[in-house]
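# Overview (structure and organization)
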Amino acid sequence: KKAEELAEKIMEGKFSMSDFLEQIEAMGKMGGLSSIMSQIPGMGGMKLPKEFDAAKQEGKMKKWKFAIQSMTAAERADPAIIDSKRIFRISKGSGVSEAEVRELLKNYEQAKKMMKMMGGGGLKRGPLGRLARKFKF
């Protein structure tokens, strides 16, 4: 049910920072990034670039979680309002560097664009649909 609600939000272009936080938490519950990668058809045996370190990415996602939790409800709903003063406050409140908060915002925007391109349908059919069903989304 949550996956369907998220798919609807994505189709409407309403993917918020709170939704991004839910995705980060869901990935943690599924066993982390390396576990998810091994479950995606064709990705299990694939060699990833050296610069991609699953443990390092998981560490970043943990920090992003702290940063998102330090945001106000308005900032979570519309991250576009986050300026340098807000980045500074989020950084201080979460114990995450300003650079990492900026990286979070950049990754959120990339995820939002990718989700919009998928149009939500990717969660219901095809390889992503099978993966989602496997993890009971």
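Refer to the structure above for everything that follows.
Read on for a plain summary of the structure. Residue numbering note: each chain is counted from 1, following its sequence as written. Only residues with pLDDT of 70 or above have their local features reported here, since the model is predicted, and side-chain atom pairs are shown and tallied only from 80 upward, although totals for entire chains, interfaces and linings are computed over all residues. As a rule here, side-chain values cover all heavy atoms of the structure and leave hydrogens and water aside.

### So, the pattern of salt bridges
Threshold: When a carboxyl oxygen of Asp or Glu lies within 4 Å of a side-chain nitrogen of Lys or Arg, that pair is called a salt bridge. Helix numbers and strand numbers start at the N terminus; a helix is a DSSP run of H or I with at least 4 residues, a strand a run of E with at least 2. Burial classes: relative accessible area under 20% of the type maximum marks a residue as buried, over 50% as exposed, and values in between as partly exposed (1.4 Å probe, protein chains only).
In total, this model carries six salt bridges according to the counting rule given. Between Glu-75 and Arg-86 there is a salt bridge, and its shortest N-O distance comes to 3.0 Å. Taken together, the residues Glu-75 in helix α5 (residues 73–77) and Arg-86 in helix α6 (residues 84–94) connect sequence positions 11 residues apart. Look at Glu-75 and you get buried, because its relative accessible area is 0%. You can call Arg-86 partly exposed: its relative accessible area is 29%. Glu-75 is the partner of Arg-89 in a salt bridge, and the nearest nitrogen-oxygen pair spans 2.3 Å. With a gap of 14 residues between them, Arg-89 in helix α6 and Glu-75 in helix α5 connect regions that are remote in the sequence. The partly exposed category is assigned to Arg-89, whose relative accessible area is 33%. Salt bridges linked by common partners bring Glu-75, Arg-86 and Arg-89 together as one network.

### Topic: the nonpolar core
Definition in use: The nonpolar core is taken to be a set of buried Ala, Val, Leu, Ile, Met, Phe, Trp, Tyr and Cys residues, with the residues joined through side-chain atoms within 4.5 Å. The contact criterion used is simple: two residues touch if any of their non-hydrogen atoms lie within 4.5 Å.
The biggest cluster of nonpolar side chains holds 20 residues, and the ones touching the most others in it are Met-17, Phe-20, Ile-68, Met-71, Val-101, Leu-104 and Leu-105. Of all the secondary-structure elements, those providing two or more residues to this core are α2 (17–29), α4 (54–69), α6 and α7 (98–118). The greatest single-element share of this core, amounting to six residues, is contributed by α7. With sequence-adjacent residues up to four places away left out, Leu-105 is seen in contact with Met-17, Met-71, Pro-79, Ile-82 and Ile-87.

That is the geometry; function is a separate question.
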